[in-house]
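What follows is the residue order along each chain.
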Amino acid sequence: MLPYVANAGPGGGPCLALGSATPAPNVTVLAWLGTRHLPACGARPVGNAVAPAVLALRYWQTVRLPVPHPSIPPGWAITGKLAYLVTGGTTAPPEWHFSTPLGPLSITARGAYVVDWGDGSLPVWTGPYPEEGEPWPSGRITHTYDWVGTVTVVVREEW
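Keep in mind the model is a prediction, meaning the values are calculated, not measured.

When its secondary structure is counted, the chain shows two helices and seven strands. Residues counted as buried form 35% of the 159 residues belonging to the chain. In the chain, 67% of the contacts between residues at least 6 apart in sequence involve partners at least 24 apart. By element, 60% of the accessible surface of the chain is carried by carbon and sulfur atoms, the whole surface being about 9,500 Å².

Bringing the nonpolar core into the picture now. It is characteristic of soluble globular proteins that their nonpolar side chains tend to be buried jointly. Of all hydrophobic cores here, the largest spans 12 residues; its members are Leu55, Ala56, Leu57, Tyr59, Trp60, Val63, Trp96, Phe98, Leu102, Leu105, Ile107 and Ala109. For this core, the elements supplying multiple residues, two or more each, are helix H2 (52-60), strand S2 (96-100) and strand S3 (103-107). A per-element tally of this core places H2 first, with five residues. Within the second largest apolar cluster, 10 residues are counted, among which are Ala83, Leu85, Tyr113 and Val155.

Inspection of every chain in the model, using the stated rule, returns one aromatic pair. Both rings, one in tyrosine 59 and one in phenylalanine 98, keep their centres 5.0 Å apart while their planes meet at 55 degrees; by these two values the pair is tilted. Of this pair, tyrosine 59 sits in helix H2 while phenylalanine 98 sits in strand S2; the two residues are 39 residues apart in sequence, bridging distant segments of the chain. Given a relative accessible area of 11%, tyrosine 59 falls into the buried group. Overall, the relative accessible area of 18% leaves phenylalanine 98 in the buried class. Above the plane of the ring of tryptophan 125 lies arginine 156, whose end atom (NZ or CZ) is 4.3 Å from the centre.

Glancing now at the sheet that holds strand S4 (residues 112-116). Strand order in the open sheet formed by three strands is S5-S4-S7, with antiparallel pairing between adjacent strands. A single partner strand is all that each edge strand has here, and the edge strands are strand S5 (125-129) and strand S7 (154-158). This sheet shows a mean twist of 20 degrees between the axes of neighbouring strands, independent of strand direction.

Let us look at the side chain of glutamate 131. Within the secondary structure, glutamate 131 sits in the loop between S5 and strand S6 (142-144). Arginine 140 provides the closest opposite charge to the buried, salt-bridge-free glutamate 131, at an N-O distance of 4.0 Å. If near-sequence neighbours (up to four positions away) are discounted, glutamate 131 is found in contact with Thr91, Tyr113, Arg140 and Ile141.

In this section: a nonpolar patch on the surface. Judged by side-chain polarity, Leu122, Val124, Trp125 and Val154 come together as a nonpolar surface patch covering roughly 370 Å² of accessible area. Following the sequence through the fold, valine 124 ends up in the loop between S4 and S5.

Let us now look at the confidence of the model for the chain. Residues shown with low pLDDT carry predicted positions that ought not to be read at fine detail. Per-residue confidence for the chain gives a mean pLDDT of 80; residues scoring 70 or more make up 69%. Within the model, pLDDT remains below 50 along residues 1-9, and this stretch shows 35 contacts once partners closer than five positions in the same chain are excluded.

Procedures and definitions
- Every chain's residues receive numbers from 1 upward, in the order its sequence appears when written.
- The predicted origin of the model limits local features to residues at a pLDDT of at least 70 and limits the giving and counting of side-chain atom pairs to 80 or more, whereas totals for whole chains, interfaces and linings rest on all residues.
- Heavy atoms from the whole structure form the basis of all side-chain values; hydrogens and water molecules are not counted.
- Starting at the N terminus, helices and strands are each numbered in turn, a helix being any DSSP run of H or I of at least four residues and a strand any DSSP run of E of at least two.
- Working definition: with a 1.4 Å probe on protein chains only, accessible area under 20% of the residue-type maximum means buried, over 50% means exposed, and in between means partly exposed.
- Between two residues, a contact is recorded if the distance between any of their heavy atoms is within 4.5 Å.
- For the area figures, the Shrake-Rupley method with a 1.4 Å probe applies, and any residue is considered shielded solely by the protein chains shown.
- Buried residues of nine kinds, namely Ala, Val, Leu, Ile, Met, Phe, Trp, Tyr and Cys, make up a nonpolar core once their side-chain atoms join them within 4.5 Å.
- Each Phe, Tyr or Trp ring, with Trp reduced to its six-membered ring, pairs with another whose centre is within 6.5 Å; inter-plane angles below 30 degrees give stacked pairs, above 60 give edge-to-face pairs, and intermediate values give tilted ones.
- Either the NZ atom of lysine or the CZ atom of arginine qualifies as a charge over a ring when it sits within 6 Å of the ring centre and within 35 degrees of the ring normal.
- At least two DSSP bridges between two strands are needed for those strands to be called paired.
- Working convention: axes come from line fits to C-alpha atoms, limited for helices to the stretch in contact. Angles between N-to-C directions cover 0 to 180 degrees.
- Only four residue types enter the tally: Lys and Arg on the positive side, Asp and Glu on the negative side; His and the chain ends are excluded.
- Any Lys or Arg side-chain nitrogen located within 4 Å of an Asp or Glu carboxyl oxygen qualifies as a salt bridge.
- Here the term patch refers to residues with relative accessible area over 30% and no salt bridge, with like charges joined within 9 Å and nonpolar side chains (Val, Leu, Ile, Met, Phe, Trp, Tyr) within 5 Å.
- Looking at any residue, its pLDDT shows the predictor's confidence there, from 0 to 100.

Written out as structure tokens, the structure is:
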């Protein structure tokens, strides 16, 4: 656990020290801070105190996000026909829960895929695709190759 020393808020009760976070807090962190029903401290944290935004960001950085394992079955595509990308990952992993010095923290991550199809077509990166790639005929992450050749398809998941 990271130590948090709060200064006295209005009336001497607990408060949140809302200092700046580096890097800036994301939407998940800000949403979590919105659940803390404490007034802002009148002064900065002292000693080894950690601002709530920094604390939440540190927990977020410990989350092990799933990695996609993409493929285009059956391992090749037909020139002029749609190739269906199977992402082999998840854009909606289970929620993570942490006990923090300021109370419970839940992190819900949502991802989206971007794809470089490897053939030099523009734009180089297509997406974002917020859904999982599936095989023919129901897949919605597709590409048509115009030339015969070997390519390297790169799939990146953004959170």
